[in-house]
Amino acid sequence: MKKFLSLALALVMALSLFACGPAATNESKAPESNAPTNESNPPEETYEGLDWEAISAMDYEEASDTIYDFVLGDFSEAYAIAKEATGDERMALMAIAEAKLLQSGIFLPVQSNGGNYAMSRVVPRTSSTVLWGMDEYRYYPTLVTNELITTEDNSALKALWAEAEDAAAYYEAAKAYLAEHNYTLTDTYTISTPYIVNIWDTIGTSYTSDAMFIAGTYDNLMEYDAKNIQQPGLATSYEVSDDGLTYTFHIREGVKWVDQQGTEIGEVTADDWVAGMEHLLDNADALGYLLSSAGGCGLKNFDAYLKGEATFEEVGVKALDKYTLEYTLEAPFPPFTTMLGYSIFAPLNREFYRSQGGTFGAEGEEYTAGNYGKTPSNIAYCGPYLITSYTAQNSVRYAANPSYWNADAVVIKNLVYSYNDGSDPLRNYNETKSGAISGGGLRAEALEVAKTEKPEGQDKTYLELYGYVSACDASTFPGWNNVYRNTWNNYDNDGVGVSVKRDNEAEIARTRDAMTNRHFLRAITYSIDRGAYNAQLVGEELKYTSIRNSYTPGTFQYLTAELTIDINGTSTTFPANTSYGEIMQAQLDADGAHIKVWDPNGDGGAGSGDGFDGWYNAANAKAELELAIAQLAQIGVEVSAENPIHLDYPVRTYDNSYRNAANVVKQSIEGALEGKVIIDLVDYDKSEDNEHATYRINDGRDANFDVAIASGWGPDYGDAQSYLDTVQAGGYMCKNFGLY
């Protein structure tokens with residue numbers, strides 16, 4: 001859930017508080033490299049391509065399997081081995097598998113969320129910044145000031161956070177600092193968002209764009225505090241069995257469920273998590289894959305139940321008594337407790353759900369959610385907030401829940417989400433200045449204004465006084481290559497997003513052959529100048545800061561001890577504290593891939609996979625295209641300047657920055673590949689239409705693009721599997737490849 005993200009979020013909600021990657025120069029930092037060779041697939045090797053006639057006779061799942069194996073077979077094989085390993089070896093093998101994934105060319109990591117200039121009244125680090133779960137959207141403990149926080153004070157507060165022993169100590173130190181420097185606190189937090197809510201049922205959605213609005217309405221078993229330490233929530237404590245399979249949670253007594261008006265409707269009990277699991281198993285759009293053996297923690301008999309091979313009573317969730325909840329796994333999964341912030345572990349009040357017409361398939365009923373989750377009045381609340389009003393494409397307003405069990409901890413009494421579709425590039429900036437919102441990122445146009453405009457009575461500009469560089473978080477937004485496109489107009493609106501290829505079967509066939517050729521895919525990924533792309537969004541001076549060079553951040557995990565592992569037949573020893581990114585790079589280098597995902601000198605010498613462009617190289621792109629042209633010629637597909645491959649790229653015409661960025665994609669691909677590939681820009685003048693082409697797609701058949709930078713992923717728990725599962729066969733993000 002965390003973390004299927006729309007790219008629109010990356011700039012509008014950039015309020016994180018630590019910079020990622022080095023401050024960028026204006027020179028590309030792509031590594032020098034020779035024209036590519038690939039020993040496993042030399043150009044003189046016979047190339048047969050895919051049998052599209054046979055594929056056309058398959059059902060969609062079988063066709064997806066066949067295409068996936070052809071394009072991503074190397075990754076799939078390496079990843080299967082990695083998932084069987086444990087400890088440090090597991091981490092290293094995951095990194096090796098990801099190196100195989102990146103070499104496929106099926107996507108290009110483009111950027112993370114953050115890494116742009118921002119101004120804010122939000123006191124840094126006063127709510128969780130953990131890199132997974134939904135706790136970052138639980139804003140009740142956040143400190144917000146009435147005054148814009150200066151750049152100098154922002155840095156000082158971050159230093160206090162680093163020095164503080166725990167969250168409580170930091171809050172006290174921050175409050176004292178703010179008072180000493182003449183800041184006053186407010187109990188209102190207003191957040192700008194580009195998202196539109198489609199459903200209020202947190203268990204029934206896999207979209208961050210829904211779940212972020214619901215996160216404050218219920219509590220989790222555990223939650224992360226401002227120092228990112230997991231603390232008791234609705235569970236006061238828990239135990240783990242000696243074999244690592246059983247987790248027993250003790251539910252907090254006396255917590256009340258209320259309706260939207262705050263009227264008590266019941267008590268939170270262990271059965272609420274059982275009801276939540278029943279609802280999850282019924283709901284196809286939820287995050288159940290995280291509970292499967294293949295996709296996550298492996299809840300006992302979860303998969304068997306879905307296959308009809310087990311009853312619900314055999315699934316590994318039990319209410320042992322009114323206040324004792326038990327989860328049982330099929331195999332030890334150490335990151336299990338890091339997953340507790342997700343909707344898969346949300347409680348559900350059974351009686352209220354039934355009052356809304358909801359039913360449970362596990363109880364032999366024909367499943368329907370009824371009215372549950374249709375509006376804020378159709379859900380039950382046990383969290384810090386009640387939703388007081390909702391106006392689509394305008395605002396969502398919350399007030400503190402007077403019945404909340406931890407009401408004394410609720411600092412923000414009034415929370416507001418204010419809708420912003422991005423069409424006005426100065427809106428965030430102007431509303432941050434005026435106080436209409438609590439803070440926000442500075443788009444490229446706004447940045448130029450902030451560099452010159454001065455507050456009344458001040459000698460310095462807004463940027464000099466209040467600007468800081470927001471953090472890059474763990475979210476990764478790739479450029480996706482659709483290898484099995486099945487639609488050439490929006491699935492929900494036949495007159496929107498129409499491709500020039502829609503009725504041209506010959507061009508559709510040529511594109512499919514090209515987009516399943518590994519060298520062609522690499523040519524596309526090597527030819528996109530991500531620095532120039534980012535410059536249109538965040539300005540020239542920060543254009544490299546948010547660039548990410550891998551799907552899993554290179555700093556996401558580190559070895560705990562020295563490890564020797566085989567890389568292409570050579571025993572290779574990595575010392576303790578070696579990063580995930582360094583092992584990825586070792587495999588890429590051994591394979592002769594011309595991709596740089598790890599800079600040991602980055603981040604002041606600590607090492608980083610962010611802040612430089614390790615992919616863009618026009619010479620490499622051209623050489624890969626020549627290999628592709630030779631192979632495609634063997635199956636009768638000509639690719640030349642006279643007969644180019646046309647690829648559709650969706651454009652947000654309502655957003656000037658993203659329109660300019662789309663033109664960068666077009667110019668850099670066409671320039672590097674000498675007109676043998678043409679990017680056709682497909683205009684979208686409404687944000688919802690663009691999202692239905694690229695983000696809110698039911699499966700791969702609805703993906704209405706050939707190439708798109710539109711959605712991303714962030715981790716669900718503290719293991720690289722949280723990323724890589726999404727692109728395994730049938731994984732959640734495979735729909736961006738046109739598969740599953």
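Our structure is the block above this text.
Every value quoted in this text rests on a predicted model; they were computed, and no experiment measured them.

Along its length, the chain carries 22 helices and 26 strands. Computed over the C-alpha atoms, the radius of gyration of the chain is 25 Å, within 12% of the 27 Å expected from 2.2 N^0.38 for a compact globule of 740 residues. Counting only residues that meet the buried cut, the chain has 64% of its 740 residues in that class. For the chain, the share of sequence-separated contacts (at least 6 apart) that also reach a separation of at least 24 residues comes to 73%. Here the chain has roughly 25700 Å² of accessible surface; of this, 46% comes from carbon and sulfur atoms. Of the side chains in the chain, 49 bear a positive and 107 a negative charge, and the two mean positions are spaced by 5 Å.

Now for the packing of aromatic side chains. The full count for this structure, using the stated rule, is 42 aromatic pairs. Judged by centre distance (6.1 Å) and plane angle (15°), the rings of Tyr60 and Tyr484 are stacked. Of this pair, Tyr60 sits in helix H3 (residues 60–84) while Tyr484 sits in the loop between strand S20 (476–481) and helix H14 (505–515); the two residues are 424 residues apart in sequence, bridging distant segments of the chain. Residue classification places Tyr484 among the buried residues on the basis of a relative accessible area of 8%. Measuring from ring centre to ring centre gives 6.0 Å for Tyr462 and Tyr466, while their planes differ by 40°; the resulting arrangement is tilted. Placement of both Tyr462 and Tyr466 in helix H13 (residues 462–466) is noted, with a separation of four residues, approximately one turn of the helix. Through successive ring pairs, a cluster of aromatic residues spans Tyr137, Tyr139, Tyr189, Trp200, Phe213, Tyr385, Tyr390, Tyr398 and Tyr417. The side chain of Arg125 reaches across the aromatic face of Trp161, ending 4.2 Å from its centre. Positioned over the ring face of Tyr658 is Arg652, at 4.2 Å from the centre of the ring.

Two orientations exist for strands paired in a sheet by backbone hydrogen bonds: parallel and antiparallel. In spatial order, the strands read S18-S3-S19; together these three strands make up an open sheet with antiparallel pairing. Among the strands making up the open sheet, the edge pair consists of strand S18 (439–441) and strand S19 (468–469). As paired elements, strand S3 (residues 117–120) and S19 share two bridges and run antiparallel to each other. Bridge pairing in S19 places Tyr117 opposite Val469. Here helix H11 (residues 427–434) sits on the sheet in contact with S3 and S18, set at roughly 155° to S18.

What H11 keeps buried is the set Asn428, Tyr429, Glu431 and Thr432. Directly beyond the C-terminal end of H11, a positive phi value near 95° is found at Gly435.

Let us look at the pattern of salt bridges. Inspection of every chain in the model, using the stated rule, returns 34 salt bridges. Here the salt bridges share partners, and the residues they tie into one network are Asp271, Glu278, Arg350, Arg354, Glu363 and Glu365.

On to the pairing of strand S16 (residues 395–400), then. Pairing of strand S15 (residues 385–391) with S16, which is carried by six bridges, proceeds in the antiparallel orientation. Across the sheet, residue Ile387 finds its bridge partner in S16, namely Tyr398. Once S15 ends, the chain turns through three residues before running back antiparallel as S16, passing Gln393 with a positive phi of about 55°. Examined bridge by bridge, S16 and strand S17 (residues 414–419) share five bridges and lie antiparallel to one another. By the bridge assignment, Ala399 is partnered in S17 with Asn414.

This part takes up the sheet that holds strand S9 (residues 235–240). Taken together, four strands build an open sheet; the order of strands is S9-S10-S14-S13 and the sheet is antiparallel. With one partner strand each, in any of the chains shown, S9 and strand S13 (317–321) form the two edges of the open sheet. Direction aside, neighbouring strands of the sheet carry axes that sit 20° apart on average. Helix H8 (residues 271–282) contacts strand S10 (246–251), S13 and strand S14 (324–328) of the sheet and is inclined by roughly 160° relative to S13.

Turning our eyes to something else, we now look at the pairing of strand S21 (residues 563–567). A one-sided burial pattern is seen for S21, the buried positions being Leu563, Ile565 and Ile567 and the unburied ones Thr564 and Asp566. In this structure, S21 lies alongside strand S22 (residues 570–574), joined through five bridges in antiparallel fashion. Across the sheet, the residue bridging to Leu563 is Phe574, located in S22. In this structure, the hairpin formed by S21 and S22 is closed by a connection of two residues, where Asn568 is found at a positive phi of approximately 50°.

Moving on: unusual backbone geometry. The general pattern is negative phi for most residues beyond glycine and trans for most peptide bonds. For Gln393, which is not glycine, the phi dihedral falls at a positive 55°. As for its position among the elements, Gln393 is in the loop between S15 and S16. Overall, the relative accessible area of 44% leaves Gln393 in the partly exposed class.

Moving on: a negative patch on the surface. On the surface, a cluster of negative charge is made up of Asp59, Glu61, Glu62, Asp65 and Asp69. Mapped onto the elements, Asp65 comes out in helix H3.

As a packed pair, H3 and helix H4 (residues 87–103) sit with axes 8 Å apart at the nearest point and diverge in direction by 175°. One way to sum up the angle between H3 and H4 is to call them roughly antiparallel. Here H3 contributes Leu72, Asp74, Phe75, Ala78, Tyr79, Ile81, Ala82 and Lys83 to the contact with H4, which in turn contributes Arg90, Leu93, Met94, Ala97, Lys100 and Leu101.

Each value, and the rule that gives it
- Throughout this document, residue positions are counted from 1 along each chain, in the order its sequence is written.
- Confidence filtering applies because this is a predicted model: local features only for residues at pLDDT of at least 70, side-chain atom pairs given and counted only at 80 or more, and all residues used for totals across whole chains, interfaces and linings.
- Computation of side-chain values: all heavy atoms of the structure, hydrogens and water removed.
- Here a strand is any run of E in DSSP of at least two residues, a helix any run of H or I of at least four, and the numbering for each starts at the N terminus.
- The size measure is the radius of gyration over C-alpha atoms, and the globule rule it meets is 2.2 Å times the number of residues to the 0.38 power.
- Each residue's exposure class comes from its accessible area (1.4 Å probe, protein chains only) as a fraction of the maximum for that residue type: buried when under 20%, exposed when over 50%, partly exposed otherwise.
- Contact criterion: two residues are considered in contact whenever any of their non-hydrogen atoms come within 4.5 Å of each other.
- Here the accessible surface of atoms and residues is derived via Shrake-Rupley with a 1.4 Å probe, and residues count as covered only by protein chains that are part of the display.
- Note on charges: Lys and Arg go in the positive column, Asp and Glu in the negative column, and His and the chain ends are not counted at all.
- For charged residues, the charge sits on one atom: NZ in Lys, CZ in Arg, CG in Asp, CD in Glu.
- Any pair of Phe, Tyr and Trp rings, taking the six-membered ring for Trp, is counted once the centres come within 6.5 Å. Such a pair is stacked with planes under 30 degrees apart, edge-to-face with planes over 60 apart, and tilted for the rest.
- Either the NZ atom of lysine or the CZ atom of arginine qualifies as a charge over a ring when it sits within 6 Å of the ring centre and within 35 degrees of the ring normal.
- At least two DSSP bridges between two strands are required for those strands to pair.
- Note on geometry: axes are lines fitted to C-alpha atoms, helical ones only across the stretch in contact, with angles between N-to-C directions running from 0 to 180 degrees.
- Salt bridge criterion: a side-chain nitrogen from Lys or Arg within 4 Å of a carboxyl oxygen from Asp or Glu.
- Only residues above 30% relative accessible area that lack a salt bridge enter a patch, with like-charged residues linked at up to 9 Å and the nonpolar side chains Val, Leu, Ile, Met, Phe, Trp and Tyr linked at up to 5 Å.
- Angular relationships are summarised with four words: roughly parallel below 35 degrees, roughly antiparallel beyond 145, roughly perpendicular across 65 to 115, and oblique for the angles in between.

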